[in-house]
Number of protein chains: 2
Amino acid sequence: MDHQRIAILAHEKFPDRAKTALGVMRYGDQEVAAVLDRETAGTRVHDHLVESDAATIDDAPITASFAEALEAKAETEAGAGDGGADDHDIDALLVGIAPIGGGLDDSWRADIRAAIEAGCDVVAGLHYFLNEDEEFATLAAEHGVELIDVRDPHEGLGVAEGRAGDVDADVICTVGTDCSVGKMTATMEIVAAARDRGIDAAAIPTGQTGILIEGWGNPIDRVISDFTAGAVEEMILEKGDEHDLLVVEGQGSIVHPAYSAVTCGILHGSMPDALVLCHAAGREAIHGYESFELPPIPEYVDLYEGLSAPVADADVIAGALNTKDVADDATARSAVDELAADLAAPVSDPVRFGAGPIVEAIEAEVLEE
Amino acid sequence: MDHQRIAILAHEKFPDRAKTALGVMRYGDQEVAAVLDRETAGTRVHDHLVESDAATIDDAPITASFAEALEAKAETEAGAGDGGADDHDIDALLVGIAPIGGGLDDSWRADIRAAIEAGCDVVAGLHYFLNEDEEFATLAAEHGVELIDVRDPHEGLGVAEGRAGDVDADVICTVGTDCSVGKMTATMEIVAAARDRGIDAAAIPTGQTGILIEGWGNPIDRVISDFTAGAVEEMILEKGDEHDLLVVEGQGSIVHPAYSAVTCGILHGSMPDALVLCHAAGREAIHGYESFELPPIPEYVDLYEGLSAPVADADVIAGALNTKDVADDATARSAVDELAADLAAPVSDPVRFGAGPIVEAIEAEVLEE
């Protein structure tokens, strides 16, 4: 995205069920003028974040509507004595939540209309495409703004040829015990930590948030299922000879009742050299499918390694534990240690404790071989 | 399909690489006027089939083009002294081959045009949709015929809710060691053999051939990957309280470098009670991906059962071995015995030896529990 200053719609879901919003706020280049959440309007972003998140995410007002976001922005500028409002206009509204199923909630329509009428682009990663919505499409044409559906795959995707293993780069794939355990975050943190150590690393974005952050990528969960692996392979072939390390953003979980197809296609399409298992501390059942218990961690290791082996031999060499729901560092540290014992491999919470131990494992097990 | 008498396009691929053609010829209700294969034109269907296939598939001429198919049909009728040509006109051309990637080969265009110009519908299960081809769409409108893309999923599919396990019917899923090992055939034979024994059984078609035969179904490999399991679940919920046994047509293989996403989505979307593993005798590497060796059979059992367990506990209770490339019954029988030993479960070639042993296993392990 080329936008400089955005508002993010996250009605009734910020921050805990607004992972696209949080991801873009943490890793994106854009300034965030306001978050729209009618439930917590009047508070500020930092009122809702744990310390480790607040350290990496800028504060911003939370407003009930797009109209109020425009006002909040005007007030801020007035307060700061900044006369050049034109330099800092909100130039896009981002839909920062993605409900199960990826539909558009009718209660968001007024804000989307208001944004278009204010001359802002609207960016969304929903399965429901803004460009196919007659009202929005007509209004956007009238106001000369763009509707950007990042989950709309490009034309010309096809079946995998089993060639991802041929690239020069070593390939790491993040895999998960469930949805929403931090695979995208782990991917971004591993790439950043690897770069800090002088490794030429790049992320392979496979979901709307990763695509929004990186500015490119294939939305694998929206691709025709026959082309799932092929759409990943295409990205690996495109970047695989330009970098030394590719970190593929995984999706879903191999035991997810709804999304395992996406997970499996990414695993085989990327033909990884090694896997990083991502988990959320305290998660015991599939998010949103609570009657499905998560199997024990060693079973995940067997499944991911067993499934990978016939296509690309890859072991789980490290773990990334999301401890955002754990109150204190000491408890988080013991959760990390517990997962490390289950995996018999290094583990970190890449946000709370840094991705260093994970990158060290990648260096030892993959890059130096 | 409501068509009575069809021609089947299978250029350069009949019979060994024309599985849609063979499937429709074996299980479909339509009379086949001719097969189009320019490579073997002038021969007849039975010249190319092994005995067990010839027993279940009617003979027909093989012609080089659709025009010749029309002539061949006229000759046959003249020979038979049948004056009522109107009753027996070819009413559809079926594209009976599906290359890797599902594209349209330009060399087929002349036959498709000829069929449309002769007033015939054209039916295809390609990823390339005839209805989106400007030339065909225009021509079809001019001639008042239908272009039927069976691989075009219906609107309104969504994510699975994990509810397929709630239906009254017991659910069997066919799973494979590779593509093109006979999962669709096993599905049809199991359903037929079960009905012969008085079991109220139905097939759940997931691919173009099954859909063509049954006249309904969701083309799972063409569905958005996020909706893969959901599109299977939809069919299970639709039929699950009307029958005692559902047999889900599997696709691909869980270790396929390109298609494993489809396999995984069907496995979890159907939430099966038991699995039937399908294999082709002599197959040692992934079809079309020869650098990928098939793992040993027990590894498949571990993978399919392990992957299924967290969503629906299902064991591999029987095997279906495709022995069409095995010359004699004695050799086929020992191949069957070998797979049975690997699975520690009953195995049959449902075409050569009948699906009886597989249905017996289903009765013993699933229906009677």
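It should be emphasised that the depicted structure is a prediction, and the values quoted were computed from it without experimental measurement.

What counts and what doesn't
- Residues numbered from 1 in each chain as written.
- Chains lettered and ligands numbered in written order.
- Predicted model: local features only at pLDDT ≥ 70, side-chain atom pairs only at ≥ 80, totals over all residues.
- Helix = DSSP H or I, 4+ residues; strand = E, 2+ residues; numbered from the N terminus.
- Rg over C-alpha atoms; globule rule 2.2 N^0.38 Å.
- Buried ≥ 20, exposed ≤ 12 C-beta atoms within 10 Å, placed from the backbone.
- Contact = placed C-beta atoms within 7 Å.
- Pairing = 2+ DSSP bridges.
- Nonpolar A, V, L, I, M, F, W, Y, C, P; charged D, E, K, R; others polar.
- Domains from an automatic or database assignment.
- Least-squares fit on C-alpha atoms with pLDDT ≥ 70 in both.
- Expected span 1.5 Å × (residues − 1).
- Arc of directions from axis to C-beta.

A. Representation of the overall build of chain A within the structure. If you tally the helices and strands in chain A, you get 12 helices and 14 strands. Its C-alpha atoms give chain A a radius of gyration of 21 Å, near enough to 21 Å, the size a compact globule of 369 residues would have. Across its three principal axes, chain A shows a C-alpha extent of roughly 55 × 50 × 45 Å. Looking at chain A as a whole, 55% of its 369 residues are labelled buried. Contacts in chain A between residues far apart in sequence, at least 24 positions, make up 73% of those at least 6 positions apart.

B. Structural view of unusual backbone geometry. All names here are of chain A. Proline 15 follows phenylalanine 14 through a cis peptide bond whose omega is 0 degrees. Inspection of the secondary structure puts proline 15 in the loop between β1 (5-9) and α1 (19-27). The backbone of methionine 271 shows a phi angle near 40 degrees, a positive value even though the residue is not glycine. Tracing the chain through its elements places methionine 271 in the loop between α9 (260-270) and β10 (274-280).

C. Geometry of the sheet that holds strand β5 (residues 121-124) of chain A. All names here are of chain A. If you walk across this open sheet you meet the 6 strands as β3-β2-β1-β4-β5-β6, and the pairing is parallel. Two strands bound the open sheet, and with one partner strand each, they are β3 (62-63) and β6 (147-149). In the sheet, strand β4 (residues 92-95) pairs with β5 via 3 bridges, with the strands oriented parallel. Bridging from a neighbouring strand, leucine 94 pairs with valine 123 of β5.

D. Layout of the pairing of strand β9 (residues 245-248) of chain B. All names here are of chain B. Across the two faces of β9 the burial is the same, with Leu245 and Val247 and Leu246 and Val248 all buried. In this sheet, β9 lies alongside strand β7 (residues 170-176) in parallel orientation, the contact comprising 4 bridges. The residue of β9 that forms the bridge with aspartate 170 is leucine 245. Where strand β8 (residues 201-204) and β9 come together, 4 bridges link them in parallel fashion. Pairing of isoleucine 204 across the sheet is with valine 248, part of β9.

E. Structural view of the interface of chain A and chain B. If you look at the interface, chain A gives 38 residues, while chain B gives 38 residues. For the side of chain A that touches chain B, the elements supplying multiple residues, two or more each, are α8 (228-239), α9, β12 (289-293) and α10 (297-308) of chain A. The residue inventory of the side of chain A that touches chain B, partitioned by class, reads 22 nonpolar, 12 polar and 4 charged.

F. Spotlight on the domain arrangement of chain A. Residue and element names in this part refer to chain A. We note that the domain assignment places domain 1 (5-149) and domain 2 (164-367) within chain A. The straight-line distance from the C-alpha centre of domain 1 to that of domain 2 is 28 Å. Contacts between domain 1 and domain 2 engage 13 residues on the former and 13 residues on the latter. If you list the elements that add at least two residues to the side of domain 1 that touches domain 2, you get α1 and α2 (51-54). Broken down by class, the residue content of the side of domain 1 that touches domain 2 amounts to 5 nonpolar, 6 polar and 2 charged.

G. Region of the structure containing the sheet that holds strand β1 (residues 5-9) of chain B. Residues and elements named next belong to chain B. A sheet is described by the order of its strands in space; here 6 strands give the open sequence β3-β2-β1-β4-β5-β6, paired in parallel fashion. The sheet terminates laterally at β3 (62-63) and β6 (147-149), the two strands that pair on one side only. Two strands pair when backbone bridges link them, and strand β2 (residues 31-36) and β3 are joined in this way by 2 bridges, in the parallel orientation. What sits directly across from leucine 36, in β3, is threonine 63.

H. Expanded view of the relation of the copies chain A and chain B. Expressed as a screw transformation, the operator carrying chain A onto chain B has a rotation angle of 180 degrees and an axial translation of 0.0 Å, and the superposed copies differ by an RMSD of 0.0 Å. Interpreted geometrically, this transformation is the action of a two-fold axis. Interface overlap between copies is the fraction of interface residues in one copy that are interface residues in the other; for chain A against chain B it reaches 100%, indicating a shared surface.

I. Local environment of helix α11 (residues 329-343) of chain B. Residue and element names in this part refer to chain B. Here α11 contains 15 residues, and its C-alpha end-to-end distance of 21 Å stays within 8% of the 21 Å for a straight helix at 1.5 Å per residue. Those residues of α11 that fall on the buried side of the exposure criterion are Ala332, Ala335, Val336, Leu339 and Leu343. Buried residues along α11 cover an arc of 100 degrees about the axis, so they all sit on one side. Every exposed residue of α11 that faces more than 90 degrees away from the buried side is listed here: Ala330, Thr331, Asp337 and Ala341. Where α11 is buried, its residues meet β10 (274-280), α10 (297-308), β13 (315-322) and β14 (347-348). Alanine 344, located one to two residues past α11, shows a positive phi value of around 55 degrees.

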